[in-house]
Amino acid sequence: DAGVIQSPRHEVTEMGQEVTLRCKPISGHNSLFWYRQTMMRGLELLIYFNNNVPIDDSGMPEDRFSAKMPNASFSTLKIQPSEPRDSAVYFCASSLGRRAYEQYFGPGTRLTVT
Amino acid sequence: GIQVEQSPPDLILQEGANSTLRCNFSDSVNNLQWFHQNPWGQLINLFYIPSGTKQNGRLSATTVATERYSLLYISSSQTTDSGVYFCAVGSTGFQKLVFGTGTRLLVSP
């Protein structure tokens, strides 16, 4: 079975450009999570969806970040405009159910903003 | 919010040695997962263990929820066990996982 799929795997962009990260959750999972990993802050949750509805976006750092889940098999995380401090690895994860279930992580997107 | 502490922060082992990694958390949890982040950055699920004991090959884990800690045991370590081990917890009523700062393990041949 395919796991969580993320694209692109690597992204290098210049400050001020728009960046879009994509995620396809595991088929049948109805919760989707976006995490960010940096050296300074470790792994932290940005936003999560249940049944395509955003449930908790308190981790989204600022208005430059937005996330959507138009259907059960696709989500995007957009940064506009990007800044060097956004450089990080962005992980998408999915799980089955709204309550406490095991989360499975994608391979991550390594974003570098110059 | 819930706090997660992992120890030790760094661990160096000779191949074949055993080790115990610890995760302490500050509140009741309904989700606890152990992950291995390999040198390529992938987060690999090791255990989903909000309570009790599980074993998978050379690895086993125990969570004592009433005392708010979990232990990950690695026996007969191999060089491929190198990487960072994360404990992540979800507190009651919330889906989000809060990650500890990890234990960086280096297994030398």
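Coordinates for the structure precede this section.
Summary of the structure given here. (Residues numbered from 1 in each chain as written. Chains lettered and ligands numbered in written order. Predicted model: local features only at pLDDT ≥ 70, side-chain atom pairs only at ≥ 80, totals over all residues. Heavy atoms only, no water.)

### Quick word on the overall build of chain B
Of regular secondary structure, chain B possesses 0 helices and 11 strands. When the helices and strands of chain B are listed from N to C terminus, the series reads β-β-β-β-β-β-β-β-β-β-β. Expected size for 109 residues packed as a compact globule is a radius of gyration near 13 Å; at 13 Å, chain B falls within 12% of this value. Taken over the C-alpha atoms alone, chain B extends approximately 45 × 25 × 20 Å along its principal axes. Expressed as a percentage of contacts within chain B between residues at least 6 apart in sequence, the contacts between residues at least 24 apart total 56%. (Helix = DSSP H or I, 4+ residues; strand = E, 2+ residues; numbered from the N terminus. Rg over C-alpha atoms; globule rule 2.2 N^0.38 Å. Contact = heavy atoms within 4.5 Å.)

### Structural notes on the state of the cysteines
If you walk through the whole model with that rule in mind, you get 2 disulfides over all chains. There is a disulfide in this structure between A:Cys23 and A:Cys92, and the S-S distance comes to 1.9 Å. For the disulfide bridge between A:Cys23 and A:Cys92, the dihedral angle about the S-S bond is near -70°, and by the sign convention the bridge is left-handed. On the criterion of sequence distance, the pair formed by A:Cys23 in strand S3 (residues 19-24) and A:Cys92 in strand S9 (residues 88-95) is long-range, its members being 69 residues apart. Summarising the burial analysis for this pair, A:Cys23 and A:Cys92 share the class buried. The partner cysteine of B:Cys23 in its disulfide is B:Cys87, sulfur to sulfur 2.0 Å. The sign of the S-S torsion, about -60°, decides the handedness of the disulfide formed by B:Cys23 and B:Cys87: left-handed. One end of the pair, B:Cys23, is in strand S3 (residues 19-25); the other, B:Cys87, is in strand S9 (residues 83-91), with 64 residues separating them in the sequence. Taking the relative accessible area as the measure of exposure, B:Cys23 reaches 0% and is therefore buried. Classification of B:Cys87 by relative accessible area gives buried; the value is 0%. (Disulfide = S-S within 2.5 Å. Buried < 20%, exposed > 50% of the residue type's maximum accessible area, 1.4 Å probe, protein only.)

### Topic: the interface of chain B and chain A
A common measure of how large an interface is: the accessible area buried when the components associate. Residue-level contacts link 15 residues of chain B with 20 residues of chain A. Carbon and sulfur atoms make up 53% of the surface buried where chain B meets chain A, a total of about 1600 Å² over both sides. Across the chain B-chain A interface, the total number found is 0 salt bridges. Inspection of the region where chain B meets chain A yields 6 residue pairs in polar contact (both at pLDDT 80 or more). (Buried area = accessible area lost by both parts, 1.4 Å probe. Salt bridge = Lys/Arg side-chain N within 4 Å of Asp/Glu carboxyl O. Polar contact = N/O pair within 3.5 Å; in protein donor to acceptor, adjacent residues only side chain to side chain.)

### Things to note about the pattern of salt bridges
All names here are of chain A. Applying the stated rule across the entire model yields 9 salt bridges over all chains. Arg 36 is the salt-bridge partner of Glu 44, the closest N and O atoms lying 3.2 Å from each other. One exposure class covers both Glu 44 and Arg 36, and it is buried. Measuring nitrogen to oxygen at the nearest pair gives 3.6 Å for the salt bridge that ties Arg 64 to Glu 83. Taken together, the positions of Arg 64 in the loop between strand S6 (53-56) and strand S7 (65-71) and Glu 83 in the loop between strand S8 (74-79) and S9 put the pair 19 residues apart, joining distant regions of the chain. A single salt-bridge network, built from bridges that share partners, covers Glu 62, Arg 64, Glu 83, Arg 85 and Asp 86.

### What about the sheet that holds strand S1 (residues 4-7) of chain B?
Residues and elements named next belong to chain B. With antiparallel pairing, 5 strands are arranged side by side in an open sheet as S1-S3-S8-S7-S6. At either margin of the open sheet sits one strand with a lone partner, and together these are S1 and strand S6 (52-56). Going from strand to strand, the sheet's axes swing by 15° on average, the running direction of each strand aside. In the sheet, S3 pairs with strand S8 (residues 69-74) via 6 bridges, with the strands oriented antiparallel. Bridge pairing in S8 places Ser 19 opposite Ile 74. (Pairing = 2+ DSSP bridges. Axes fitted to C-alpha atoms, helices over the stretch in contact; angles between N-to-C directions.)

### Brief notes about the nonpolar core
Counting 22 residues, the largest nonpolar core has B:Trp34, B:Leu72 and B:Val89 as its most contacted members. Excluding residues within four positions of it along the chain, B:Val89 makes contact with B:Ile2, B:Val4, B:Phe25, B:Val29, B:Asn31, B:Leu32, B:Lys96, B:Leu97 and B:Val98. In this structure, A:Val4, A:Ile47, A:Phe65 and A:Leu77 belong to the second largest nonpolar core, which totals 21 residues. (Core = buried A, V, L, I, M, F, W, Y, C linked by side-chain atoms within 4.5 Å.)

### Remarks on unusual backbone geometry
Residues A:Gln80 and A:Pro81 are joined by a peptide bond in cis, for which omega reads -5°. In the segment running from B:Ser7 into B:Pro8, the intervening peptide bond is cis, with an omega of -10°. Mapped onto the elements of the fold, B:Pro8 is located in the loop between S1 and strand S2 (10-14). A positive phi angle, near 50°, is found at A:Asn51, a position not held by glycine. Its location among the elements puts A:Asn51 in the loop between strand S5 (42-50) and S6. What makes A:Asn51 partly exposed here is its relative accessible area of 46%. The phi dihedral of B:Arg68 falls on the positive side, at around 60°, and the residue is not glycine. In this structure, B:Arg68 sits in the loop between strand S7 (59-64) and S8.

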